[in-house]
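# What the coordinates show
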Amino acid sequence: MDLDQPPSPRDVVAGLLGDERMLAILRARDIGALFKLLNGRGVSTRRLAAAAEITQGRLYDYMNGRTRVEKLSMFEQLADAFHIPGSLFGLAIRPWEPTAPVQPAPLAAVLAESDDLAAMDAFREADRQAGGGRLYGAVVQHLRVSVAPRLMDGTTGPSVFGAAAALTEMAGWMAHDSGQDVLAAAHFAKALPLARISGDQPFAAHVAASNSHLSLQSGDTKQAAHWALTGIEIARGGPHLPSLAARLHTMHARALAALGQPTSARYALGQARTLLDLATDDAHPWLSPFDHAALASESALALKDLGRYSDALEHAQEAVRLRGHGRARSLALSRITLAAVHVQRKELDAAVGVGAELLATSPTLGSVRVVQQLDDLRDQLAEHADYRPVREYLARFAEARRTRALLLADIMPPRRGGNGSGDTDAG
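Residues numbered from 1 in each chain as written. Predicted model: local features only at pLDDT ≥ 70, side-chain atom pairs only at ≥ 80, totals over all residues. Heavy atoms only, no water.

What follows concerns the overall build of the chain. Scanning the chain for helices and strands turns up 20 helices and 0 strands. Each of the 427 residues in the chain was classed as buried or not, and the buried ones make up 51%. Residue pairs in contact within the chain that sit at least 24 positions apart in sequence constitute 69% of those at least 6 positions apart. A total accessible area of about 19200 Å² is found for the chain, and carbon and sulfur atoms account for 55% of it. (Helix = DSSP H or I, 4+ residues; strand = E, 2+ residues; numbered from the N terminus. Buried < 20%, exposed > 50% of the residue type's maximum accessible area, 1.4 Å probe, protein only. Contact = heavy atoms within 4.5 Å. Areas by Shrake-Rupley, 256 points an atom, 1.4 Å probe, with all protein chains shown as cover.)

And the structure:
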């Protein structure tokens, strides 16, 4: 380096990558502190701003703590500008980073990954029919016995982290279906860094969508919107999968609807539908499909939150029509939404008619979500108990509820509230 020339940002960063203070700043993603450190090492604010492709005014905002970097795309931009390895920012490997020559995976590793995919498919199919309440333990057992040991094996590649991420996220969904949302959140929190380590950007975005769904269920609508937007940002960094993007925009729409922003929510739903119409061959081995039935179900919930009951009714009917009997839980949740919309429209006979179909749902379906949503529907109908058909239905419901509670007593937690549940499946 020419001693008469001021140091370049990349040279200074390269000299600090072994410095514990620098590493702590990167782990904390404290960009203001990073700029201060580089400035203190002789890099002018003008050169820092130019390298980062931001204005000096914004640079000063970061350095003075008036603004923090939040967007994933900005962290990626800074990593590339200063040649900060992606792992130090919690990002995937950057395109400019040197990579080790790809070695053929050992046969045992290939077979193990095939077993993981087969296990995922088996769990997913059983979950759609029987619910996740009694499958949770089996998924966790597979993670502990079959996947976890390989995470510590130096001969395995990043694919095992992808398998761990996918099965951990599935465990989260099954915990959610069991009414254990705190446990579900813990699983989702573990799945996201595993997905990042594997380099699977689409699945990392998928986990963000799952976090958005869970935030909606807990009533944290702002956090739900945050996670949906985070997922959209992450998805932009990987291969374009229209169905995944559609799911993320749908979750954003639901959050916006819950926040009382009708114009933005309807626009997001329109984006989701446009994207889903483009999704012809974008299958991903670990992602559960997001189809038009799921979009219709989520759209009905969003429109219901907005008080647009006629539109909600149309989408709820579409969801029931498209959702086949091979998806017992999804069909039940779609029918619950349809019945609830009928109640809002004061169409009590229609609500009772859909409710009668719901009574035929298998009492052994191991989904606490379905039980809780059925209880919410009962409470809505109870406000109209002076109407004889409703009163008679509630008596039949009470008998079916006792049977269901008896058969699911081993997985039923104390009752809690909720914000409406779409028909998203595990995995």
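Right, picking up where we left off after that structure.
Further remarks concern helix α6 (residues 72–82). A large share of α6 lies buried, amounting to 8 of its 11 residues. Every buried residue belonging to α6 is among Leu72, Met74, Phe75, Glu76, Leu78, Ala79, Ala81 and Phe82, and all of these are buried. At the exit of α6 stands His83, carrying a positive phi of roughly 55°.

The biggest cluster of nonpolar side chains holds 77 residues, and the ones touching the most others in it are Leu34, Phe35 and Phe89. If you tally residues by element for this core, the top one is helix α9 (residues 159–177), at 11 residues. If we ignore the near neighbours within four places in the chain, the residues touching Phe89 are Leu26, Arg29, Ile31, Leu34, Phe75, Leu78, Ala79 and Ile84. Core analysis: the next-biggest nonpolar cluster, separate from the first, contains 36 residues, Leu338, Ala340, Leu358 and Leu377 among them. (Core = buried A, V, L, I, M, F, W, Y, C linked by side-chain atoms within 4.5 Å.)

One non-glycine residue, Arg29, adopts positive backbone phi at about 55°. With respect to the helices, strands and loops of the structure, Arg29 is situated in the loop between α2 (20–28) and α3 (31–40).

Moving on: the layout of surface pockets. Approximately 520 Å³ is the volume found for the largest pocket. Of all the secondary structure elements, the ones that give two or more residues to the lining of the largest pocket are α6, α10 (181–198), α12 (221–236), α13 (242–258) and α14 (262–278). Looking at the lining of the largest pocket element by element, the count peaks at 7 residues for α12. Among the residues forming the lining of the largest pocket, the class breakdown is 11 nonpolar, 6 polar and 7 charged. (1 Å grid on protein atoms, 1.4 Å probe; cavity = no way out; pocket = protein on both sides within 12 Å on 5 of 7 lines; lining within 4 Å. Points joined across faces, edges and corners; volume = space filled by probe spheres on them. Nonpolar A, V, L, I, M, F, W, Y, C, P; charged D, E, K, R; others polar.)

Below, the discussion takes up the environment of Leu241. Tracing the backbone through its elements, the reader meets Leu241 in the loop between α12 and α13. Remark: the alpha-carbon pair of Leu241 and His284, spanning 43 residues in sequence, is separated by 8.5 Å.

The next point concerns the packing of aromatic side chains. Across all of its chains, the model carries 5 aromatic pairs by this definition. Taken together, a centroid distance of 6.2 Å and an interplanar angle of 75° make the contact between Phe35 and Phe82 edge-to-face. Taken together, the positions of Phe35 in helix α3 and Phe82 in helix α6 put the pair 47 residues apart, joining distant regions of the chain. Looking at Phe35, the relative accessible area reads 0%, which means it is buried. One aromatic cluster is present, built from ring pairs that chain together Phe35, Tyr62 and Phe82. (Phe/Tyr/Trp six-rings, centres within 6.5 Å; stacked < 30°, edge-to-face > 60°.)

Moving on, we get to the confidence of the model for the chain. For the chain, per-residue confidence averages 85 on the pLDDT scale, and residues scoring 70 or more make up 88% of the total. Scored below 50 in pLDDT, residues 100–111 shows 2 contacts in the model against residues more than four places distant or in partner chains. (pLDDT = per-residue confidence, 0-100.)

This part covers the packing of helix α17 (residues 328–344) against helix α18 (residues 348–359). A pair of packed helices can be characterised by two numbers: the angle between their axes and the separation between those axes. At a minimum axis distance of 8 Å, the contact between α17 and α18 shows a crossing angle of 160°. The pairing of α17 with α18 is recorded here as roughly antiparallel in orientation. In this structure, α17 meets α18 at a crossing whose hand is left-handed. Judged by residue contacts, Ala332, Arg335, Ile336, Leu338, Ala339, His342 and Val343 of α17 engage Ala350, Ala351, Val354, Glu357 and Leu358 from α18. Looking at side-chain class alone, the contact of α17 with α18 contains 9 nonpolar, 1 polar and 2 charged residues. (Axes fitted to C-alpha atoms, helices over the stretch in contact; angles between N-to-C directions. Parallel < 35°, antiparallel > 145°, perpendicular 65-115°, else oblique. Left-handed = near helix turned anticlockwise from the far one by under 90°.)

A word on the environment of Asn39. When you line up the elements, Asn39 lands in helix α3. On the basis of relative accessible area, Asn39 is assigned to the partly exposed category, the value being 31%. Spatially, the C-alpha atoms of Asn39 and Val12 are 9.7 Å apart, while their sequence positions differ by 27 residues. Not counting residues within four places of it along the chain, the set of residues in contact with Asn39 comprises Ser44, Thr45, Leu48 and Met63. Within the local environment of Asn39, its side chain forms a polar contact with the backbone oxygen of Val43, the two atoms lying 2.9 Å apart. (Polar contact = N/O pair within 3.5 Å; in protein donor to acceptor, adjacent residues only side chain to side chain.)

Inspection of the entire model under this criterion finds 18 salt bridges. The salt bridge involving Arg124 is made with Asp121; its shortest N-O contact spans 4.0 Å. Of the two residues, Arg124 and Asp121 are both situated in helix α7 (residues 107–130); the distance of 3 residues between them amounts to about one turn of the helix. Between Asp379 and Arg378 there is a salt bridge, and its shortest N-O distance comes to 3.3 Å. With a relative accessible area of 33%, Asp379 lands in the partly exposed category. Here the salt bridges share partners, and the residues they tie into one network are Asp127, Asp177, Arg329 and Arg369. (Salt bridge = Lys/Arg side-chain N within 4 Å of Asp/Glu carboxyl O.)

Take the packing of α18 against helix α20 (residues 388–407) next. Close contact between α18 and α20 brings their axes to 10 Å; oriented N to C, the two are set at 20°. By the angle between their directions, the pair α18 and α20 is classed as roughly parallel. The handedness of the crossing between α18 and α20 is left-handed. In contact with Leu348, Asp349, Val352, Gly355, Ala356, Leu358 and Leu359 of α18, α20 contributes Pro389, Val390, Tyr393, Arg396, Phe397, Ala400 and Arg404.

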